[in-house]
Every structure is written in C-alpha cells, then in structure tokens.
Amino acid sequence: MASMVATSSLSTKLSTPLFDSSSSSSSSFRGLPLPARSVSVPRSSPNPNPPAISASYDLSSFRFRPIKESIVAREMTRRYMTDMITYADTDVVIVGAGSAGLSCAYELSKDPSINIAIVEQSVSPGGGAWLGGQLFSAMIVRKPAHLFLDELEIAYDEQEDYVVIKHAALFTSTIMSRLLARPNVKLFNAVAAEDLIIKNGRVAGVVTNWALVSMNHDTQSCMDPNVMEARVVVSSCGHDGPFGATGVKRLKSVGMIDAVPGMKALDMNTAEDEIVRLTREVVPGMIVTGMEVAEIDGSPRMGPTFGAMMISGQKAAQLALKALGRPNVLDGTVGSEHPEMVLAASDSGDVVDA
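Throughout this document, residue positions are counted from 1 along each chain, in the order its sequence is written. The model is predicted, so local features are restricted to residues of pLDDT at least 70 and side-chain atom pairs to those at 80 or more, both for listing and for counting; the totals for chains, interfaces and linings are taken over all residues. Water and hydrogen atoms were dropped before computing side-chain values, which therefore reflect all heavy atoms in the structure.

Put simply, the rule is: UniProt positions are given in the numbering used here, feature names are shortened, and annotations may be inferred rather than shown by experiment.
Within an unreviewed UniProt entry, the label attached to the protein reads Thiamine thiazole synthase, chloroplastic, and the organism entered is Iris pallida. According to the UniProt record, the Sequence similarities (unreviewed entry) comment for the protein is "Belongs to the THI4 family." According to the UniProt record, the Subcellular location (unreviewed entry) comment for the protein is "Plastid, Chloroplast".

Here you go:
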C-alpha cells in the first residue's frame, strides 16, 4: 500500500482517550489559540501607509490576454467529462458534502491510491457547516475533537472542555481547500444521488442526475440518470429534509433495513457520542455517517455542536479502508507501520466499536 501523504490528528501519540470529554489538555496547534473575547476590541487607527499590491502588474493599465470563447467552453467540458469517465467506476463514492462527508473524504484522501468521488446536490458544498446555530457565526467543537482542527491548522478560542471557531465558514472553507487540492478527489456538486446500485444484496454504487433535473421530474418528460459504480458508498446525507437521509430511506424502501425511525429530541451529551459509536456499515457496501446515523437509529440530535460530525466522518473513512482491505484502526490492522491512522491511544478502551 502506498504510504500516506499526511498524518491524522488522532494518533497513538495521544495520551488522552478519544472520547474522554473531561480532558482539558492544551492544544498542539502551531501557534497560540485565539484569546477569549470577553471584552470589546477597540478599533485600530487607519494605517497611514497601507501595503502596496503584492502582484507585479500595473492596475492603472491592466489588460487580460485575449481568449476565444470556445476555448473556455472546451476546457470546462473536456475536464468535466474526463472526470465523469474517470469516476464512473471508483473506489469510494461519498454522498453528501457536509461536515461529516468532507471529514471522511479528507481522511481517506491521505492515501493517494484511493480514488474518491463526492456527490453533493447543492451548488455550495458544506451542508450546515457554514454557520453555527440559529444562523450565528461561531462553531462549537467539544474536546477532544479539537485535535482535528489542530491538524487543519484552524485557530480557535480554547475553553476547558470545548473550543470555539470564530466563524464556522473557517472550518468548512479550510477543509475543502485542503481536500480539493488532492489529485485523488473529485467533487461533483449540483449533482444528486437519485438511487442506489444494488447487486446481490450489496450496494455497488449510486444513480446520479443533475440536482435541478432531480427537482423537476414532475414538470418534464422522463429524464434518465447516470451511474457511478463504487467499491464502497458512504452515505452522509444528513437528517431528514428534501435531500436528507436519502441513503437509508432507499434502503428501507427496498427492504434492506426495517425502519428509519428518525432522530429524537436534542440531547448534546448523548447525541455526539451516539453518532460516532453508531457510525457503521449498515448493509454490505454502504457506510452511514453524520446525522444520517441518527435517522436510522433514532438517536438524539445534538444541535449546534460539530465535533461528532468530524469524528464520525473519520470513523467512516476507517470503515471504508476496512471494506477496501486496507490497514485501518477498527480491526487492529494498523500498528507501528501506520501509527498516523490510529484514532485513539492503543491502550485505551474507548475506541468505538465498528
């Protein structure tokens, strides 16, 4: 197996168990956490000598180089169609690019030999992770999930049992920029997963269509879909909604699971542990992560805390590695050869069950 190109934030070097929420150990972020904002910040005086533009061009006489409009069309079309051909048969398809789906893709993409397609129905990926609760800006992450933020080098205001990112968009934009720069990942946004490919009792891929087409099947004549075959499908469709929990809903409708009871009322402390613990391969070939887990198991919702989404995504990545026959934490095949893949201290009893 190819060596990993990046290391996980959750390694054997941790002395704190993964799910020990009582930990108050200081962050390993490269630099100091942001100070607590308990007082108003005075406005600074205008800089009498603002910095000059860093690029070496003259804004007073700027002109772009000429281009034919057809070249633009061909570049976009050729690259997108090449991606569609490449990912028509791939290792992992992740349905849903919210915080759990992005965290899963980020963890998986550390292995450059694994090809990952992310299918997201929205034009703007990120799910609900662009804002905190009630459209507020700050994102709350309970410890020790802040170690994932350290890996991403995202600054935060550190409290005893949790950290606060000043704006949720800082997390989402950072993980997307890191993830999409990797050559083994393709994000297909504005694309909906309309159905599953199921062969011999195993999920073997997804049925796709443009999201706008999926939303207008009742207004037009038949508009047939496309497909992506995959060795593993990770369903990260979130809680119930127009496109929510679609993976497990489809499993129920075809008789592969018995029920989708929906999530229970809010209980943050119970919910986050449950989401991570119950992240699993629900049927052969399909792993469920994030808030979709609560829909299938009737777990409580956690509201505006995001650590469970990140760690559930990382666990889903480990489950995908297991399904692909790669070294992973959950069956103990990761040892000294790949210590960066271990989610918790090896002598801890708090590693979640698969």
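1. Quick word on the overall build of the protein
Heads up, the rule is: Put simply, DSSP H or I for four residues or longer makes a helix, DSSP E for two residues or longer makes a strand, and each gets a number counted from the N terminus. Residue contacts are counted whenever heavy atoms from the two residues lie within 4.5 Å of one another. Under the convention used here, a 1.4 Å probe and the Shrake-Rupley method define accessible areas, while residue burial counts only the protein chains that appear.
The number of helices and strands found in the protein is nine helices and 11 strands. Taking contacts inside the protein between residues at least 6 apart in sequence as the whole, the part at least 24 apart equals 71%. Accessible surface, the protein: about 18,100 Å² in total, of which carbon and sulfur atoms supply 53%.

2. Comments concerning the UniProt feature "binding site: substrate" (unreviewed entry) in the protein
Selection rule: Cavities and pockets were defined on a 1 Å grid built over protein atoms only: a cavity is a set of grid points that admits a 1.4 Å probe from which the probe cannot escape, a pocket is an open set flanked by protein on both sides within 12 Å along at least five of seven lines, and lining residues are those with an atom within 4 Å of any such point. Think of it in three bands: with a 1.4 Å probe and only protein chains considered, a residue is buried below 20% of the maximum accessible area for its type, exposed above 50%, and partly exposed in between.
UniProt records the feature "binding site: substrate" (unreviewed entry) at Ala100, Glu120, Gln121, Gly128, Ala193, Asp224, His239, Met291, Arg301, Met302 and Gly303, using the numbering of this structure. Lining the largest pocket, from the residues just named, are Ala100, Glu120, Gln121, Gly128, Ala193, His239, Met291, Arg301, Met302 and Gly303. Checked against the element boundaries, methionine 291 lands in the loop between strand 11 (286-288) and helix 8 (292-297). A relative accessible area of 10% places methionine 291 in the buried class. The contact partners of methionine 291, leaving out residues within four places of it in the chain, are Gly238, His239, Met263, Ile275, Arg301, Met302 and Met309. Within the secondary structure layout, glycine 303 lies in the loop between helix 8 and helix 9 (307-323).

3. Quick look at the pairing of strand 5 (residues 162-165)
Within a regular strand, side chains alternate between the sheet's two faces. The condition is simple: DSSP-based pairing: two strands are paired if at least 2 bridges between them are found.
Where strand 3 (residues 139-142) meets strand 5, four bridges bridge the pair, whose relative direction is antiparallel. Residue valine 141 lies in a different strand from strand 5, and its bridge partner there is valine 163. Bridge count between strand 4 (residues 157-158) and strand 5: two bridges; the pairing is antiparallel. Opposite aspartate 157, over in strand 5, you have valine 164 as the bridge partner. Counting the residues that bridge the hairpin from strand 4 to strand 5 gives three residues.

4. As for the pattern of salt bridges
To be explicit about the condition: Here, a salt bridge means any side-chain nitrogen of Lys or Arg that lies within 4 Å of a carboxyl oxygen of Asp or Glu.
Applying the stated criterion across every chain yields a total of 14 salt bridges. We note a salt bridge from lysine 199 to glutamate 229, for which the minimum N-O separation is 3.1 Å. Linking lysine 199 in strand 7 (residues 191-199) with glutamate 229 in strand 9 (residues 226-235), this pair joins segments that are 30 residues apart in sequence. Between arginine 277 and glutamate 274 there is a salt bridge; the shortest N-O distance is 3.1 Å. Of this pair, arginine 277 and glutamate 274 both sit in helix 7 (residues 268-278), three residues apart, which is roughly one turn of the helix. Owing to a relative accessible area of 41%, arginine 277 belongs among the partly exposed residues under this scheme. Put simply, Glu75, Arg78 and Arg79 are held in one network by salt bridges that share partners.

5. Notes on the side chain of glutamate 120
The cut-off we apply is this: For this count, His and the chain ends are skipped, Lys and Arg are scored as positive, and Asp and Glu as negative. Whenever two N or O atoms come within 3.5 Å, that pair is a polar contact, provided that in protein one can donate a hydrogen and the other can accept it, and provided that, for residues adjacent in sequence, both atoms are side-chain atoms.
Considering the arrangement of structural elements, one finds glutamate 120 in strand 2 (residues 116-120). For the buried glutamate 120, which has no salt bridge, the nearest side chain bearing the opposite charge is lysine 186, at an N-O separation of 14 Å. A distance of 2.9 Å separates the side chain of glutamate 120 from the backbone nitrogen of serine 122, its partner in a polar contact. What glutamate 120 contacts, discounting residues up to four positions off in sequence, is Gly96, Ala97, Gly98, Pro125, Leu187, Phe188, Asn189, Ala190 and Val191.

6. Side note on the UniProt feature "modified residue: 2,3-didehydroalanine (Cys)" (unreviewed entry) in the protein
Here the UniProt feature "modified residue: 2,3-didehydroalanine (Cys)" (unreviewed entry) sits at Cys222. One can find cysteine 222 in the loop between helix 5 (211-214) and strand 9. We classify cysteine 222 as exposed; its relative accessible area is 66%.

7. Quick notes on the packing of aromatic side chains
Applicable threshold: Two rings belonging to Phe, Tyr or Trp (six-membered ring only in the last case) form a pair when the distance between their centres is within 6.5 Å. Interplanar angles under 30 degrees mark stacking, angles over 60 mark edge-to-face geometry, and anything in between is tilted. Counted as over-ring charges are cases with an Arg CZ or a Lys NZ within 6 Å of the ring centre that also lie within 35 degrees of the ring normal.
Applying the stated criterion across every chain yields a total of six aromatic pairs. Residues tyrosine 80 and phenylalanine 188 carry aromatic rings whose centres are separated by 5.7 Å and whose planes lie at 90 degrees to one another, so their mutual orientation is edge-to-face. Taken together, the positions of tyrosine 80 in helix 1 (residues 69-86) and phenylalanine 188 in strand 6 (residues 185-189) put the pair 108 residues apart, joining distant regions of the chain. Among the aromatic side chains, those forming a connected cluster through ring pairs are Tyr80, Tyr87, Phe188 and Trp210. Looking at arginine 182, its charged tip hangs above the ring of tyrosine 106, at a distance of 4.6 Å from the centre. Over the ring of phenylalanine 188 we find lysine 186; its NZ or CZ atom is 5.5 Å from the centre of that ring.

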